[in-house]
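Working through the structure, step by step
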Amino acid sequence: MIAHRTRQLLIAYAAEYETADFLDGDPSWFMHQVQGQQNQEAMALLASILSFGSRTQFMPKIQWLLDRSQCDVDYWIRSGSFARDLPTSSPQCFYRLFTVERMNQFLEAYRHLLLQHGSMGQYIERNAHTGIDALAAICSYFSQNGISVVVPKDTHSACKRLCMFLRWMVRDHSPVDLGLWSNIIDKRTLIMPLDTHVLTQALRIGLMTSRSATLSSAIQLTKTVAEIFPDDPLLADFALFGYGIHHSQA
């Protein structure tokens, strides 16, 4: 049972932080810099898969992709133009574990998905009806195409970056999230993007007891916060962000 004061605090923080100001310095900002659903889908996927580690390091990498595509990300991928900008023979690091070659392989697999299904949204519509289905479908596609680092090979881990991507795509009526797939996936079935920060805040408040960032833990946390936000559990993502900001200032 969630304490009344905790419940009220989280509701207040969600309202305070789910605003357009949240975009400043957040990777979700990039998907708002392009026009059209297919460009937004593509930019959101690229931004989400690179969103780990230090923001000061990964944000410039996402910006580089946006710049190289000239804000037409879908065409850049669909046409294979990335191969010109990311030479396949280069052994150098693109970002942390992502070598240039690995990024090329990921983008080539994504290009085939676009050419075969039309868009990521259409692929999801054919293969998923819930948040967990969508996670499994994305992992399965890239795993079958030999991609197991840029995208998790399965749903054994928390799949934080993909959960965040799905939040962006599914949640509607938000100044942050796009809601492009709100008619495909019910936002009540989304799973909390669970990373160290969210885990720390959830433990501090007593929303969970597990200290491991697994999908099972993320699902359990989502069920708990659904007691506060039954129609939109991932509002708690903003609430826990806000709680962390206020707690660090205390």
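Cut-off values and rules
Residues numbered from 1 in each chain as written. Predicted model: local features only at pLDDT ≥ 70, side-chain atom pairs only at ≥ 80, totals over all residues. Heavy atoms only, no water. Helix = DSSP H or I, 4+ residues; strand = E, 2+ residues; numbered from the N terminus. Rg over C-alpha atoms; globule rule 2.2 N^0.38 Å. Buried < 20%, exposed > 50% of the residue type's maximum accessible area, 1.4 Å probe, protein only. Contact = heavy atoms within 4.5 Å. Areas by Shrake-Rupley, 256 points an atom, 1.4 Å probe, with all protein chains shown as cover. Lys, Arg positive; Asp, Glu negative; His and termini not counted. Charge placed at Lys NZ, Arg CZ, Asp CG, Glu CD. Phe/Tyr/Trp six-rings, centres within 6.5 Å; stacked < 30°, edge-to-face > 60°. Lys NZ or Arg CZ within 6 Å of the ring centre and 35° of its normal. Disulfide = S-S within 2.5 Å. Expected span 1.5 Å × (residues − 1). Arc of directions from axis to C-beta.

**Structural notes on the overall build of the chain**
In terms of helices and strands, the chain carries 12 helices and 2 strands. Counting from the amino terminus, the chain carries its helices and strands in the arrangement α-α-α-α-α-β-β-α-α-α-α-α-α-α. Over its C-alpha atoms the chain spans a radius of gyration of 18 Å, differing by no more than 12% from the 18 Å that the globule rule assigns to 250 residues. Dimensions of the chain along its principal axes, counting C-alpha atoms only, are 55 × 35 × 30 Å. Put simply, the chain has 250 residues, and 53% of those count as buried. Restricting to contacts in the chain with at least 6 residues of sequence separation, those with at least 24 account for 65%. Surface summary for the chain: the accessible area is close to 11,300 Å², and the carbon and sulfur share equals 49%. Side chains of the chain carry 21 positive and 23 negative charges; the gap between the two charge centres is 6 Å.

**Observations regarding the environment of W168**
In this structure, W168 sits in helix α9 (residues 160-170). C-alpha of W168 to C-alpha of T99: the two residues are 69 residues apart in sequence and 26 Å apart in space. Ignoring anything within four residues of it in the chain, the contact list for W168 reads P27, S28, M31, A44, A47, S48, D177, L178 and G179.

**A look at the packing of aromatic side chains**
For any pair of aromatic rings, geometry is given as the distance between the ring centres together with the angle between the planes. With the rule as written, the count across this model stands at 14 aromatic pairs. Ring geometry for Y13 against Y243: centres 6.3 Å apart, planes inclined by 65°, an arrangement best described as edge-to-face. Here Y13, found in helix α1 (residues 4-17), pairs with Y243, found in helix α12 (residues 235-249); they are 230 residues apart in sequence, far enough to count as distant. Note on accessibility: Y13 and Y243 belong to one class, buried. Here the aromatic rings of W76 and F82 are separated by 6.2 Å at their centres, their planes lie at 70°, and the arrangement is edge-to-face. For the residue pair W76 and F82, the accessibility class agrees, reading buried in each case. Aromatic rings pair up to connect F106, Y110, Y123, Y141 and F142 into one cluster. The positively charged end of K61 is found above the aromatic ring belonging to F94, 5.3 Å away from the centroid.

**A word on the state of the cysteines**
In total, this model carries 0 disulfides according to the counting rule given. Just so you know, C139 is unpaired, no disulfide at all, and the nearest cysteine sulfur is the one on C159, 4.2 Å from it.

**Looking at α1**
Relative to the 20 Å expected for 14 residues at 1.5 Å per residue, α1 spans 20 Å between its end C-alpha atoms, a close match to the ideal helical length. Considered for burial, the residues of α1 that qualify are T6, R7, L10, Y13, A14 and Y17. The buried residues of α1 all sit within an arc of 135° when viewed along its axis, so they share a single face. For α1, the exposed residues set more than 90 degrees away from the buried face come down to H4, R5 and A15.

The values are spatial; any link to function lies outside them.
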